[in-house]
Amino acid sequence: MFEILTGTGLAASAGLNAYIPLLTMGLLARYTDVITLPAGWQWLGDGWVIAILVVLLAVEVVADKVPVVDHVNDVVQTVVRPTAGGLAFGAGSSSETVTVSDPGQFFSSSDWVPVVVGVLIALGVHLLKSAARPIVNATTAGVGAPVASTAEDATSVVMSVVAILLPVLVLVLLAGLVVFVFWFLRRRADRRRRRRVRA
């Protein structure tokens, strides 16, 4: 059960920012005993991989905070975030962590299943993020882009760390994300109704 929660949290995190969960796993695996990556995923802790992820994260952080550029970035990330989500779920669900001592039991028969599940989770979160961002930009004249992006990055960091250290809390974070989406959609519908009444 914890394997699924760890993988789900990391994949959802990748849907917000592709590089944060991969970098989190790589850094924690390289410099701590909090997570032990399995043989097929140990490359995430390699110094060169970490350096590349840091550069890609820096580009993503800057691009995602500039109105219009953030939309172009989201289009490009439609391929990158789900791929990162698949990698994050695959690596995370098969790693030994503080709460998971025997991860090999869960997906031992089909190694591709966690990757596909991670792709789908990250894609879903990415599509929600991509749909919300143009609305945020339009309603705030672009001022909301850096605020929304910073909130997404912070959520991605928190969810990545929580997925590894306290996977049970992933359920709480995902429930909060769902509540936020419903609140956002309802607020958007209310604004449209008000505009129609004024017109």
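Since the structure is predicted, the reported quantities are computational estimates derived from the model, not experimental observations. In this numbering scheme, every chain counts its residues from 1 along its sequence in written order. Note on the predicted model: pLDDT of at least 70 is required for a residue's local features to be given, and 80 or more for side-chain atom pairs to be given and counted; whole-chain, interface and lining totals, by contrast, use all residues. The side-chain quantities take in all heavy atoms of the structure and omit both hydrogens and water.

A. Up close: the overall build of the chain. Helix and strand definitions here come from DSSP, where helices need a minimum of 4 consecutive H or I residues and strands a minimum of 2 consecutive E residues; each element is numbered from the N-terminal end. Looking only at helices and strands, the chain has seven helices and zero strands in total. Walking the chain from its N terminus toward its C terminus, one meets helices and strands in the order α-α-α-α-α-α-α. Each radius of gyration is computed over the set of C-alpha atoms, and the globule rule expresses the reference value as 2.2 Å times the number of residues to the power 0.38. By the compact-globule yardstick of 16 Å for 199 residues, the chain fits well, its C-alpha radius of gyration being 18 Å. Taking all 199 residues of the chain together, 43% fall into the buried category. Contact between two residues is taken to exist if any of their heavy atoms lie within 4.5 Å; hydrogens are not considered. Across the chain, contacts joining residues at least 24 apart in sequence account for 76% of those joining residues at least 6 apart. By element, 72% of the accessible surface of the chain is carried by carbon and sulfur atoms, the whole surface being about 10,300 Å². Computed over 15 positive and 13 negative side-chain charges, the inter-centroid distance for the chain is 22 Å. Each residue gets one of three labels from its accessible area relative to the maximum for its type: buried under 20%, exposed over 50%, partly exposed in between, using a 1.4 Å probe on protein chains only. Here the Shrake-Rupley method, with its probe set to 1.4 Å, supplies the accessible areas, and only the displayed protein chains count as covering residues. Under this rule, positive means Lys or Arg and negative means Asp or Glu; His and the chain ends count for nothing. To locate a charge, take atom NZ for lysine, CZ for arginine, CG for aspartate or CD for glutamate.

B. Spatial organisation of the layout of surface pockets. In this analysis a 1.4 Å probe is tested at points of a 1 Å grid over the protein atoms alone, and where it fits but cannot get out there is a cavity; an open set with protein on both sides within 12 Å along at least five of seven lines is a pocket; lining residues have an atom within 4 Å of a point. Grid points are joined across faces, edges and corners, and a volume is the space filled by probe spheres set on the points. One number sums up the size of the largest pocket: a volume of about 780 Å³. What lines the largest pocket is a set of 29 residues, among which Ala 132, Arg 133, Val 136, Phe 180 and Phe 184 lie closest to the centre. Counting residues per element, the ones that place at least two in the lining of the largest pocket are helix H5 (112-139), helix H6 (144-165) and helix H7 (168-198). With eleven residues, the single largest contributor to the lining of the largest pocket is H7. Counted by class, the lining of the largest pocket contains 17 nonpolar, four polar and eight charged residues. Only Asp, Glu, Lys and Arg are considered charged, only Ala, Val, Leu, Ile, Met, Phe, Trp, Tyr, Cys and Pro nonpolar, and every remaining residue, Gly among them, polar.

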